[in-house]
Amino acid sequence: AVSRADKGYEPTDKVITKGQNVRLTNNSSRTMWVMASGGDGGVYPATDQSCGQTAFDSCVALPPHDIWEFKFSVSGTWVYRNSAYKADVGVVRVK
């Protein structure tokens, strides 16, 4: 699990196995919009259900205490940010 507090994502670096889900919870007092921003493998691939250039995008601003979950089916190092507050950055490493 990853939590977004007012100071950013915790933990900022998460290691998981391919096929696992990551749950991102907005425990801050502001909105959170999870959005892939690249990494050593580039931007996470898109699917038919993608709202933008990547499937790793919550597609909406999540209010405080809301949860968004994403299943990683592609290995790599995936950097993401909070589109609402661009200084909030995290990494998911999928083995």
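Structural data are supplied above this passage.
All of these numbers come straight from a predicted model, not from anything done at the bench. (Residues numbered from 1 in each chain as written. Predicted model: local features only at pLDDT ≥ 70, side-chain atom pairs only at ≥ 80, totals over all residues. Heavy atoms only, no water.)

Enquirer: Looking at this model, I keep getting lost on the sheet that holds strand β4 (residues 21-26). Mind explaining?
Expert: Backbone hydrogen bonds hold the strands of a sheet together, and the pairing may be parallel or antiparallel. As summarised here, the arrangement of the four strands in space is β2-β1-β4-β6, forming an open sheet in which the pairing is mixed. Looking along the sheet, the strands with just one partner apiece sit at the ends: β2 (8-10) and β6 (67-71). The sheet shows a mean angle of 20° between the axes of neighbouring strands, taken without regard to direction. In this structure, β4 lies alongside β6, joined through five bridges in antiparallel fashion. Bridging across to β6, Asn21 finds its partner in Lys71. (Pairing = 2+ DSSP bridges. Helix = DSSP H or I, 4+ residues; strand = E, 2+ residues; numbered from the N terminus. Axes fitted to C-alpha atoms, helices over the stretch in contact; angles between N-to-C directions.)

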